[in-house]
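What follows is the residue order along each chain.
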Amino acid sequence: MSKPTADWERVGDHFYRKTQIYTSVFDPDLELENYVVTGAPYSGAVALYRGEDKIYAYRSSQAVKPSVDIYSCAGKLIRQIPWDRGTIKAVGWSEDERLLVVTDDGTVRSYADLQGDFTPFTIGHGAEEHGVLSCKFWANGFVALLGNNSLVAVARYDEPRPQLLASAPPGEVVAWTVIPPEQTSSRSVEVLLAIGKTVYVVDAAECEDRGLEAGPFRHISSSPNGKFIALYTDDGKVWVIGSDFQERFSEYESKVKTPPKDLQWCGNNAVVMAWEDEIHLIGSNGAASKFFYESFVHLSPDIDGIRIITGDVCEFLQKVPDPSKDVFRLGSTEPAAVLLDAIDQLEKKSPKADDNIQLIRPNLDEAVDVCVRAAGQEYSIHWQKQLLKAASFGKSVLDLYNSDDFVDMTEALRVLNAVRFYEIGLPLSYEQYIRLTPERLVQRLVNRQEYLLALKISEYLHLPVDKIYVHWARQKVRSSRTDEDSICDEIVRKLKGKRGISFEEVAHAAYDEGRGKLATKLLEFEPRAGKQVPLLLNVGEESIALDKALESGDTDLVFYVLLSLKKKIPLSSFFRTINSRPVATAIVESSAIDQDQELLKDLYYQDDRRLEGSNLLLYEALSAPDIGPATDKLKMAAKLLRDSKEYAPQVAALEDAQKLLRFQEAFEKDLTERFVGLSVNETMSKLIKMGNLKRAAKVQTEFKVVDKTYWWVRLRALVSRRDWRELEELGKGRKSPIGWEPFFNDILGAGNTKLASLFIPKCTTLTVPERIEMWVKCGMVAKAGEEALKAKDRNALEELRAQASAGQQLELDRMIAQLQRGR
Amino acid sequence: MAAPPAAKAINTQDITVKARRDLLHLLEAVRGKKNLVIERSLAGTVGLFVKFSELQEYGVDKLFFLENHNVDSSQRNIIFLVRGEAAKKVRTVAEQIRLVRSESKIDHDFTIIWVPRRTLVSNLILEEHGVLGEANITELNLHFVPLEADLLSLGLEDSFSSLCLRKDPTPIFASAQALMRMQKQYGLFPRILGKGDNAKKLADLLQKMRSEEDVNASSDPSNTYLTSFGLTPSSIVENLIIIDREVDFPTTLATQLTYEGLLDEVFTISNNQTEVDTSVLGSAPVPQAQQQPEGRSDSSPAPAGATKRKVQLDSTDKLYPSIRDANFATIGPLLNQTARRLQSDQENIKSRDQSVKDLKLAFAKLPVYQAEQAALKIHTSLAEEVAKFTRSETFRRTLEVEQNLLIGSDPGTLHENIEELIARDTPLKTVLRLLCLESCLSNGIRQRELEHFKRMILQAYGYQHALTLANLEKMGLLVSREAHRGFLNPIAGAAGQTATDWNAVRRSLQLWVDDVQEVDPDDIAYVFSGYAPLSVRLVQCILQKSYLQTLINPPRPGQAAPPPAAAGTAGGWKSFEDTLARIRGATVDVIQKGSDADASNARRTLRGGKEGPKTSIVFFLGGITYAEVAALRLVNRELEKAQGGRTLIVCTTGVISGGRAVDVAVEKRSFGG
């Protein structure tokens, strides 16, 4: 077994290692130099397409069909996407391994799961006219550079919304890059454009010149953590500066005449420059190391290192992680290195093993930890085992040790080794695995249709498995050519009883394949009523969809179905559909009242709901600007109800309403005052206030207003008009249907005590004390006294005396005396 | 052992904090300055947890109301904050986006925040208007918002009209979603009890959602591991009691007689704020008023009603919490007491031999004292204004009719009073409330009498109110006795009574208490000075069985008090089934068990068999009145006294009053435009 340090390289103060992961990657006939190669983050798939500017070797036998090919890192072809439209300007990946292909007219196709299905969108903002020059991608978005130096950013793919960034100055963009929104202080994407001699920073709001002089910069690249920027200056130097352009950290002179083909970061500490078959690794402080290859080199940066892909090898170049350095560095005296040596000695059955342990006894727990972590960094299974053995040996000596990390690491390594296997081709580093999360790793496996491995890993790590089954079923539906019943049976047999399975997704896949019947069949197994609805609508099962929507209780869904239904089917059958479903009818009614009253009218007509229909006309009459149309509407409303006897009161009311309008119209003409809009009572009141008693009386008889009401209205109107004479006249009458007390109260309230007092004797139904009170309110204590005297109420008299003025007291004293005498 | 504070069980403050954080986060996501367009009804709700100044800190430049249609193009970013369920609002949003886009010279960035969720219909409408691709769409999961620590509201102002008038079950679904979220947080409600057809629907929906949650949880990419969240019953919440507003219309219609209730009747309170004429309070805002969130009034054109002043009515006020729930009859003395106490405090400060230490102490107390002084001033003025209203002739007569109806006297004798009220042009809503109250209590008014009243109303208030009357009939508030028999709620299930036998229920649940104590109340009847609201009595049927039983069959003197019925609510509706059968609507009683018995058992073992503080959630579907809130607070106090640590949390779709309930039906327009 070769030493792990064999492929280490010292660059400055740090060690870098280049791990060969796969060999004989691509078909030797594939001329990789003619392709643009883009790797997905976290050691994901690699997309190849033939660049426009690359020369085609003329081969008569082979017609050149453009395509985008997706390979695993091990060179296994996962999928070939034939390309038929437009010139590809950029291909990129998102964090969840979604492939994005951008053409020169700004059309973007987004392939979600490494399959051929895509969702298209366009970036707009003038991309059609000016054309897309290139794109830069980050974890979940990209920026496109257009021919007129406009920049368009797309920040999410589930609902892409291309956003135009601040405009950049004109001039040729020599090189450019983006800093993802998560890594900027403004939380919006920043674009660095090398134009002329300087670099511009553009974000959503503004464009700022950084005032550099050493341009034009051929290459510009930002580090994975967004803190540093590497620039390739015009005079062949590489600068590493802070992303705030404040400080320059290192400078390196390549002394090569031709500028490099590519410049990328390797982790956050080093920069890699690539020429056709040569790469330079530049560490901190300008230290560098060179590597040479036999064939053309492509770079694919990742968060903790860089993948180097050539026709025959796939390598991973990274800084040697600290635990590995501690354990393996030549002459290392770290406890972990001693512990690893101990295991060697143990295997040789040498007593030195124990000596080693005793030597590092104080730091043993730390040594165990380092060994465990170093194991995670190894690609060689041999060294993984060796390190874990060392850790295991070390922890057996310790009295107390928490083995969780150890167990987790062994689990992680089993998973990593499984997916690194060349047939799978996911050479994840431990750090990438942690950042990617096991869930998303499983998703990647599922996308590669490695269902068995995905299931095994999920079960091993206790992850939910429902999505794997659903994906499998969708794939089954897409690819299987057998008859629908047996597909359905097979799927249901496999998926039934598994928790949380979404049959709706499977059914959707079936529908997309044009298998409507299969879709309906599968939908029946979906437990969530609401989820079935959109698909049922699509397959044309409207009334089932409506029922399911109603069942879900979600009114939004019901309304949605109703709106689509209304568009699809004739009105009469629409009504028939909702007729038997009261909730649906209620929703139609409540929404139609604000926007579609004609629909409502038809609905009421069809259902023979006359009262509602008539009310709707009344509703419209109210909106009518003029009396004419209002009366017409009222007539129609009355006509609707006339045939039926049960609506007689409503008909009468509608007719009265018309009559009132007629009256009011006439009054307006005669009296030039506004009457329309008033009620019957208000009309009478207004007439009285204007002194038109006769007309008011006419209204009373015409509308059969009950006497009491009329008297009240008249009383209040006269009082407000201060028409004392007329009130006095009224008071001469013998009887009032509302009694005389209201007269007293209202007139008193208006301040006419004299007139009010006239009504006191007429209130014969009231008790004596009440009447006394009334007199007092009018300020007529003497009269009150007389009242009391009549009733022979001595106490009342005494009370009155107490509140009376001096003059009145005499009077009252006289009455008291009279009362005493009378006794 | 001191019972752990109930607040620990369900902390409604968390909701406020979360809602605030979520909203501000969404605002922050839009870079730079922005204009915020907000739906008017939502503005009040949002105002409960964010102040305008905070919005400004997050880059909000101007605030517009959606209904005003006056969005300008002064900022590049325009954010809409609107309820996504209402098609009408969605359409307005779409129209405004189109308008701004066509009129403005600059390129705008639109963001729409749908509350509480993005709906399919909203997508459809935006697409129809061709603006779906234009706007960045997000959602703010705003469900319950605390009005007080013990009162949560969904802030659905039109829930009553949706449910009763339009028979549109949207509020039921919204409630189910909100309660579902609560279950996710606190565990399944072990028992769901309820009364009313809509309550039944809500309970069914909750159970259905629970079974669907399994599938949802695992297909939601954001929580792959929390799948087993609420499959065990809650250890904090004991039960959910759903009261359907339709079960108890009379309580809604009756005039509330608590201080808060009357403030609502006179000035209307919305989102803990009321607007009062400056002539009542004086226009110069006392220093205290500036500390209050002085309205997040539109910063755009100057506030329309400059003569109105906003008053914050919640527990931040020094005085309000202690008087809000008192019967109005006792407010005068209460305010007097406070005034005297403050005066004596003041004299103490002045007269005492002033050592430096004393001064320091007095100085420290000064702000509190000033705040109290200001509160006292406000509430004295408010109470005077309310008293002006309660002393009026109309109020006296209305109340007389109302109380007679509630006692159960023959409504025929009261008709003359009502007729007089109509003839004297009393506000329409007052008259309608009385008629509806009669109709509800006696299951309809006799056809002939009803027609007579209808004619009088049409003549007195205008023929447009034929629509008002039709609406009331549709709501089941004002029907003829003959029609009532055949009256069927179109969305009601077949189960359950369709009418309540009020006379029987009044007796069996003691809905009328003759000698009610308004000071130091001992029974909920104090909130209506005699009438005990049925809705709260129903809650008592579950939570205070023994109390209710002693109330109904008072123990004869000498006889030992009956042994207290088993504490807790193990019985559900037990021993009141007969009464319930006489009340309209379905009865709900569901026990929710964890799907995994082992897990539930394990959980119980972990708790060590100790019963922690138990909370009952009372949910009013269709709205609650302040009087009922006051009554429930009384129940809560009694519960805490009797069985330490038990609490009530009151949840509702919105706050309602008789005026607002009737107003839903009233036709606002008149002839001639």
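Just so it is clear, the model here is predicted, and its values are computed rather than measured. (Residues numbered from 1 in each chain as written. Chains lettered and ligands numbered in written order. Predicted model: local features only at pLDDT ≥ 70, side-chain atom pairs only at ≥ 80, totals over all residues. Heavy atoms only, no water.)

Engineer: Explain the UniProt feature "domain: Vps16 C-terminal" (unreviewed entry) in chain A here, please?
Structural biologist: With numbering matched to this structure, UniProt assigns "domain: Vps16 C-terminal" (unreviewed entry) to residues 501-805 of chain A. Between the first and last C-alpha atoms of residues 501-805 of chain A the distance is 95 Å; the span itself is 75% helix and 0% strand. (UniProt positions renumbered as here; feature names shortened; annotations may be inferred. Helix = DSSP H or I, 4+ residues; strand = E, 2+ residues; numbered from the N terminus.)

Engineer: In this structure, what is going on with helix α3 (residues 335-347) of chain A? I would like to understand it.
Structural biologist: Owing to its 3.6 residues per turn, the α-helix brings residues three or four apart onto one side. All names here are of chain A. Between its first and last C-alpha, α3 extends 19 Å over 13 residues, near the 18 Å set by a 1.5 Å rise per residue. Every buried residue belonging to α3 is among Pro-335, Ala-336, Ala-337, Val-338, Leu-339, Leu-340, Ala-342, Ile-343 and Gln-345, and all of these are buried. Contacts from the buried residues of α3 go to α2 (322-328), α4 (352-360), α5 (364-377) and α6 (381-397). Immediately beyond the C-terminal end of α3, within one or two residues, lies Lys-349, with a positive phi of roughly 55°. (Expected span 1.5 Å × (residues − 1). Buried < 20%, exposed > 50% of the residue type's maximum accessible area, 1.4 Å probe, protein only. Contact = heavy atoms within 4.5 Å.)

Engineer: Got a minute to help me understand the pattern of salt bridges in this structure?
Structural biologist: Where charged atoms from two side chains of opposite charge come close, those side chains can pair. Across all of its chains, the model carries 77 salt bridges over all chains by this definition. For the salt bridge of Arg210(A) with Glu208(A), the shortest nitrogen-to-oxygen distance reads 3.5 Å. Under the relative-accessibility criterion, Arg210(A) is labelled partly exposed at 26%. Linking Lys18(B) and Asp22(B) is a salt bridge whose minimum nitrogen-to-oxygen distance equals 2.7 Å. Of the two residues, Lys18(B) and Asp22(B) are both situated in helix α2 (residues 12-29); the distance of 4 residues between them amounts to about one turn of the helix. The class for Lys18(B) is partly exposed, based on a relative accessible area of 36%. Residues participating in the shared-partner salt-bridge network are Glu589(A), Asp607(A), Arg609(A), Glu612(A) and Lys474(B). (Salt bridge = Lys/Arg side-chain N within 4 Å of Asp/Glu carboxyl O.)

Engineer: Help me understand the confidence of the model for chain B, please; the structure alone is not making it clear to me.
Structural biologist: The predicted coordinates ought not to be read in detail in places where the model reports low pLDDT. Residues and elements named next belong to chain B. Per-residue confidence for chain B gives a mean pLDDT of 82; residues scoring 70 or more make up 83%. Per-residue pLDDT stays below 50 along residues 560-569; that stretch engages in 14 contacts with residues further than four places along the chain or on separate chains. Across the interface, the model reports ipTM at 0.86; the global pTM reads 0.79. (pLDDT = per-residue confidence, 0-100.)

Engineer: Please explain the interface of chain A and chain B as it appears in this structure.
Structural biologist: How big an interface is tends to be reported as the loss of accessible area on association of its parts. With 72 residues of chain A at the contact, the number on the chain B side is 67 residues. Between Lys208(B) and Glu551(A) there is a salt bridge, with its nearest N and O atoms 3.6 Å apart. For the interface between chain A and chain B, the tally reads 17 residue pairs in polar contact (both at pLDDT 80 or more). Looking at which element gives the most residues to the side of chain A that touches chain B, the answer is helix α19 (residues 582-595) of chain A, with 8 residues. Residue composition of the side of chain A that touches chain B, grouped by class: 32 nonpolar, 17 polar and 23 charged. (Polar contact = N/O pair within 3.5 Å; in protein donor to acceptor, adjacent residues only side chain to side chain. Nonpolar A, V, L, I, M, F, W, Y, C, P; charged D, E, K, R; others polar.)

Engineer: What is the right way to look at the state of the cysteines in this model?
Structural biologist: What makes a disulfide is a covalent bond joining the sulfur atoms belonging to two cysteines. Residues and elements named next belong to chain B. For the structure shown, the criterion picks out 0 disulfides over all chains. For the unlinked cysteine Cys-541, the closest cysteine sulfur is that of Cys-651, found at 20 Å. Residue Cys-541 is classed as buried on the basis of its relative accessible area of 1%. (Disulfide = S-S within 2.5 Å.)

Engineer: Before we go on, may I ask you to explain the pairing of strand β8 (residues 99-103) of chain A in this structure?
Structural biologist: Every other side chain in a regular strand lies on the same face of the sheet, so the side chains alternate between the two faces. All names here are of chain A. Most of β8 is tucked away, with 5 of its 5 residues classed as buried. Residue alternation in β8 divides its side chains into two sets, Leu-99, Val-101 and Thr-103 and Leu-100 and Val-102, and both sets are buried. Pairing between strand β7 (residues 88-93) and β8: 5 bridges, direction antiparallel. Pairing of Gly-92 across the sheet is with Leu-100, part of β8. Linking β7 back to β8 in an antiparallel pair, the connection comprises 5 residues, with Glu-97 at a positive phi of about 60°. Note that β8 and strand β9 (residues 107-111) share 4 bridges and pair antiparallel. When the bridges of β9 are listed, Val-102 appears paired with Val-108. Taking the residues between adjacent antiparallel strands as the criterion, β8 and β9 are bridged by 3 residues, where Gly-106 takes a positive phi near 85°. (Pairing = 2+ DSSP bridges.)

Engineer: Would you mind going over a negative patch on the surface with me for this structure?
Structural biologist: A contiguous patch of negative charge on the surface is contributed by Asp514(B), Asp515(B), Asp520(B) and Asp522(B). When you line up the elements, Asp520(B) lands in the loop between α23 (502-508) and α24 (534-543). (Patch = residues over 30% accessible without salt bridge, like charges linked within 9 Å, V, L, I, M, F, W, Y side chains within 5 Å. Areas by Shrake-Rupley, 256 points an atom, 1.4 Å probe, with all protein chains shown as cover. Lys, Arg positive; Asp, Glu negative; His and termini not counted. Charge placed at Lys NZ, Arg CZ, Asp CG, Glu CD.)

Engineer: Please clarify how the sheet that holds strand β5 (residues 135-139) of chain B should be interpreted in this entry.
Structural biologist: Residue and element names in this part refer to chain B. Strands sit in the order β2-β1-β3-β4-β5 across an open sheet of 5 strands; the sheet is parallel. In the strand order of this sheet, the two ends are held by β2 (60-65) and β5, each with one partner. Taking each pair of neighbouring strands and ignoring which way they run, the sheet shows an average axis angle of 20°. When strand β4 (residues 109-115) meets β5, the two strands line up parallel, connected through 5 bridges. Residue Phe-110 lies in a different strand from β5, and its bridge partner there is Ala-135. Packing against the sheet, helix α3 (residues 40-47) makes contact with β1 (34-38), β2, β3 (77-83) and β4, and its axis sits at approximately 90° to β3. (Axes fitted to C-alpha atoms, helices over the stretch in contact; angles between N-to-C directions.)

Engineer: Looking at this model, I keep getting lost on the sheet that holds strand β21 (residues 237-242) of chain A. Mind explaining?
Structural biologist: Backbone hydrogen bonds hold the strands of a sheet together, and the pairing may be parallel or antiparallel. Residues and elements named next belong to chain A. Across the sheet, 4 strands lie side by side as β19-β20-β21-β22; this open sheet has antiparallel pairing. Since the sheet does not close on itself, it has two edges, and those belong to β19 (219-222) and β22 (248-253), each with one partner. Pairs of neighbouring strands in the sheet enclose a mean axial angle of 15°, with direction left out of account.

Engineer: Quick question: what am I supposed to make of the packing of aromatic side chains here?
Structural biologist: Applying the stated criterion across every chain yields a total of 26 aromatic pairs over all chains. Note on Phe528(B) and Tyr531(B): the rings are 5.6 Å apart at their centroids and 55° apart in plane angle, and the pair reads as tilted. Assessed through its relative accessible area of 2%, Tyr531(B) is described here as buried. An aromatic cluster is present here, built from Phe663(A), Phe667(A), Phe675(A) and Phe703(A) joined pairwise through their rings. Across from the ring centre of Trp740(A), 4.7 Å away, lies the NZ or CZ of Lys762(A), which sits over that ring. (Phe/Tyr/Trp six-rings, centres within 6.5 Å; stacked < 30°, edge-to-face > 60°. Lys NZ or Arg CZ within 6 Å of the ring centre and 35° of its normal.)

Engineer: Before we go on, may I ask you to explain the packing of α24(B) against helix α25 (residues 545-552) of chain B in this structure?
Structural biologist: Between two packed helices, the angle of one axis relative to the other and the distance separating the axes together describe the packing. All names here are of chain B. Running from N to C, α24 and α25 point in directions that differ by 115°, and their axes come no closer than 6 Å. The angle between α24 and α25 falls in the class roughly perpendicular. Residues Arg-537, Gln-540, Cys-541, Ile-542 and Leu-543 of α24 pack against Lys-545, Tyr-547, Leu-548 and Leu-551 of α25. Looking at the contact of α24 with α25 residue by residue, the class counts come to 6 nonpolar, 1 polar and 2 charged. (Parallel < 35°, antiparallel > 145°, perpendicular 65-115°, else oblique.)

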